[in-house]
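An overview of the molecular structure
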Amino acid sequence: MSLAAYCIICCRRIGASTPPPQSTTYWRDIRNIIKFTGSLILGGSLFLTYEVLALKKSLALDTQVVEREKMKSYIYLHTVSLDKRENYGITYQARKELHKAVRKVLATSAKILRGPFADTFSTIDVEDHECAVWLLLRKSQSGDRTARLQAVQEMSETHHWHDYQYRIIAQACDLRTLIGLARSKESDLRFFLPPPPLPSLNEDTCIEEELRQLLASLPQTELDECIQYFTSLALSESSQSLAAQKGGLWCFGGNGLPYAESFGEVPSATVEMFCLEALVKHSEIPTHCDEIEANGGLQLLQRLYQLHKDCPKIQRNIMRIIGNMALNEHLHSTIVHSGWVSILAEAMKSPRIMEASHAARTLANLDRETMREKYQDGVYVLHPQYRTSQPIKADVLFIHGLMGAAFKTWRQQDNEQLLTEKILEDDARYTTCWPKTWLARDCPALRIISVEYDTSLSDWRTRCPMERKSIAFRSDELLRKLRAAGVGDRPVIWVSHSMGGLLVKKMLLEASKKPEMSTVINNTRGIIFYSVPHHGSHLAEYSVNIRYLLFPSLEVKELSKDSPALKTLQDDFLEFAKDKNFQVLNFVETLPTYIGSMIKLHVVPVESADLGIGDLIPVDVDHLNICKPKKKDAFLYQRTLQFICETLAKDLED
């Protein structure tokens, strides 16, 4: 205002004064113009300086406060004043527009002088080394899938950040990025926030009672007999009633004979195991998964998981439940927000192959960014378990036999010296799963899958006494699960032991009858049979002879030499394999197998292991060790590796 008044007064003086001499007027006008221009420039400079300082003050941060807050595990949110009086007025609007203009100037200069900043972060007042965090966050939420994957990979390969920078990513990243980091091999565990605090238990209840209440809340209709069986056991009044209901420790007529092996295993842990086994069965039903989540099952299972860190079997069953729930995409956000991703990411890095594989299955089901396949209960990916840039060109499937398992069947042959030394999983001298440790290193372009299903020698030892699953039933069930996992989309080699070979034969025959399964047949390149009883087993004959004592299971009965189903399966598959020109490799044991401490039996004789096509190679081992090489350079493994490489040679070259 004062500047404007001074200018007006000067103009009036010039107009009202008498005309002086011409030379005096000329210099006086010049002086007046200089005074006016100088005053205008000075006043404008002062005004702009004031506004820039005000803007800088509004954007400046107390560096000491920043250093203190960097170490905390939360981020700031921009807040807007609720006082409406602050949003009105000419002065406020003028300053707001001026600040906008200054921001645009700063953004433009930053782009020209400092590099290609993203629009959202171009005006952030941070150090150069801080920009990478925010730019990667921005990139991880891009609409371009390739850019998102690259951002996650760059995050996982970063190991020089401070703790607070990892925490920024952990809090600001979306669900997709978090799962991607969990499935990246090099990811730092600081990317994952600890699970949120669990709700406290009621004083008058225990975790065992909470499990029973969760089971009781699930639908009890339209369940198969085994789900009803496990549920009824879990809902029993006490562990003592469980033991009584199972027939007692000394009652050989009941279903509790497995508990006679150890007289101290029946207490509370057994109750929890029955509850978890029932929940595993329930979690295979999508609508029951919704009920488990709605009734706080995710938090309850997390509490049980943390409580039993020294009990891998309980933890594996919990992982199975979470993995089954992850098959339902609408539950993904709930699973992530409940804190399970941090638990799974830590389990993935475990040296214990079984624990890591269960976590890998669950995370693969959660990862819809890079995975189309879904891995149902009992289907485990041994390689690759992390995201990888290595193109996968073929699948190798491992199917265990009677009383086998997805991991223990394929371990290295036991050595007394190694067992006494308590060797770790990563020790080069011993592996508990040679397909994951040896084959994955020798053939990184393969996807290696191992399948698990329940079997038993005797009805006394069956987990569910109502369960009577034939080879035909199991093959149909496994074929459906494997197709959901994408088996058939790539070239396939099947590796089987004992009864698993019969399942492979039955699966391929059934797939040939279904048009939707034609890719499984067309992409099957070869089959490896480890002591498969194509013509029957002595074990079945022995079991039938003492059937009044042993009560052989249905699987064992189907292995007898006079089984019509077994003969039909052999004849049909032999003709089918010759027609499709499958490559076949047969191994057979030459040593008898000890069953217990008293029974010595040659389970699969040489003549029974002869399919009729392919090489038949006798090996001086028993039935249990025919699929367990002593070491990596042993003939058993090297011949297997040679067959896989030769059979898939063209596919691996493409």
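Report on the accompanying structure. (Residues numbered from 1 in each chain as written. Predicted model: local features only at pLDDT ≥ 70, side-chain atom pairs only at ≥ 80, totals over all residues. Heavy atoms only, no water.)

**Considerations on the sheet that holds strand β9 (residues 615–619)**
We count it as follows: Strands pair, by our definition, only if DSSP identifies at least two bridges between them. A run of H or I in DSSP counts as a helix once it spans at least four residues, and a run of E counts as a strand once it spans at least two, with each numbered from the N terminus. A fitted line through C-alpha atoms serves as each axis, taken over the contacting stretch for helices, and the angle formed by two N-to-C directions is quoted from 0 to 180°.
Strand order in the open sheet formed by seven strands is β1-β3-β2-β4-β5-β6-β9, and the pairing between neighbours is mixed. The sheet terminates laterally at β1 (379–383) and β9, the two strands that pair on one side only. Here the average twist between neighbouring strands, direction ignored, is 20°. Pairing geometry for strand β5 (residues 524–530) and strand β6 (residues 583–589), over five bridges, is parallel. Across the sheet, the residue bridging to phenylalanine 529 is asparagine 586, located in β6.

**Structural notes on the packing of aromatic side chains**
Quick reminder of the rule: For Phe, Tyr and Trp, rings pair up if their centres lie within 6.5 Å, where Trp contributes its six-membered ring, and each pair is then called stacked (planes under 30 degrees apart), edge-to-face (over 60) or tilted (otherwise). Burial classes follow relative accessibility: with a 1.4 Å probe on protein chains only, a residue under 20% of its type's maximum area counts as buried, one over 50% as exposed, and anything between as partly exposed.
In the structure shown here, the tally under the stated rule is 14 aromatic pairs. Between tryptophan 410 and tryptophan 434 the ring centres are 6.3 Å apart and the planes differ by 85°, which places this aromatic pair in the edge-to-face class. Residue tryptophan 410 is found in the loop between β2 (394–399) and α19 (416–421), and its partner tryptophan 434 is found in helix α20 (residues 434–442); the two are separated by 24 residues along the sequence. For the pair tryptophan 410 and tryptophan 434, one class covers both residues: buried. Summarising the aromatic geometry, the rings of tryptophan 434 and tyrosine 637 are spaced 5.6 Å apart at their centres and angled 75° between planes, so their arrangement reads as edge-to-face. Of the two residues, tryptophan 434 is situated in helix α20 and tyrosine 637 in helix α29 (residues 635–647); the sequence distance between them amounts to 203 residues. For tryptophan 434, a relative accessible area of 1% translates into the label buried. Ring pairs connect the aromatic residues Phe398, Trp410, Trp434, Trp438, Tyr530, Phe587 and Tyr637, which therefore count as one cluster.

**Here's the deal with the environment of alanine 170**
Put simply, the test is: Contacts are assigned to residue pairs that have any heavy atoms within 4.5 Å of one another.
For alanine 170, the location among the structural elements is in helix α7 (residues 163–172). Sequence-wise, alanine 170 and leucine 193 are 23 residues apart; in three dimensions their C-alpha atoms are separated by 6.2 Å. Leave out the neighbours within four places in its chain, and alanine 170 touches Arg190, Phe191, Phe192 and Leu193.

**Comments concerning empty space enclosed by the protein**
Note the threshold: Cavities and pockets were defined on a 1 Å grid built over protein atoms only: a cavity is a set of grid points that admits a 1.4 Å probe from which the probe cannot escape, a pocket is an open set flanked by protein on both sides within 12 Å along at least five of seven lines, and lining residues are those with an atom within 4 Å of any such point. Grid points are joined across faces, edges and corners, and a volume is the space filled by probe spheres set on the points. Three categories are distinguished: nonpolar for Ala, Val, Leu, Ile, Met, Phe, Trp, Tyr, Cys and Pro, charged for Asp, Glu, Lys and Arg, and polar for the others, with Gly belonging to the last.
Summed over the entire model, instances satisfying the criterion amount to three cavities of 30 Å³ or more. Estimates place the volume of the second largest cavity at around 50 Å³. Every residue lining the second largest cavity is listed: Ser140, Arg148, Leu149, Val152, Arg176, Thr177, Glu369 and Arg387. Every element with two or more residues in the lining of the second largest cavity is listed here: α6 (145–156) and α8 (175–182). The biggest single contributor to the lining of the second largest cavity is α6, with three residues. Looking at the lining of the second largest cavity residue by residue, the class counts come to two nonpolar, two polar and four charged.

**Here's the deal with the pairing of β5**
Across the seven residues of β5, six count as buried, placing the element largely inside the fold. Taken together, the six bridges between strand β4 (residues 492–497) and β5 define a ladder with parallel strand orientation. What sits directly across from tryptophan 494, in β5, is isoleucine 527.

**Some remarks on the side chain of histidine 383**
Let me state the cut-off plainly: Polar contact is the term for a pair of N or O atoms within 3.5 Å; when the atoms are in protein, one must be able to donate a hydrogen and the other to accept it, and sequence-neighboring residues count only if both atoms are side-chain atoms.
Looking at where histidine 383 falls in the secondary structure, it is placed in strand β1. Here histidine 383 falls in the buried class, since its relative accessible area comes to 17%. Polar contacts involving the side chain of histidine 383 include one to the main-chain carbonyl oxygen of proline 444, which spans 3.1 Å. Those residues in contact with histidine 383 that lie beyond four places of it in its chain are Ala440, Pro444, Leu446, Arg447 and Ile448.

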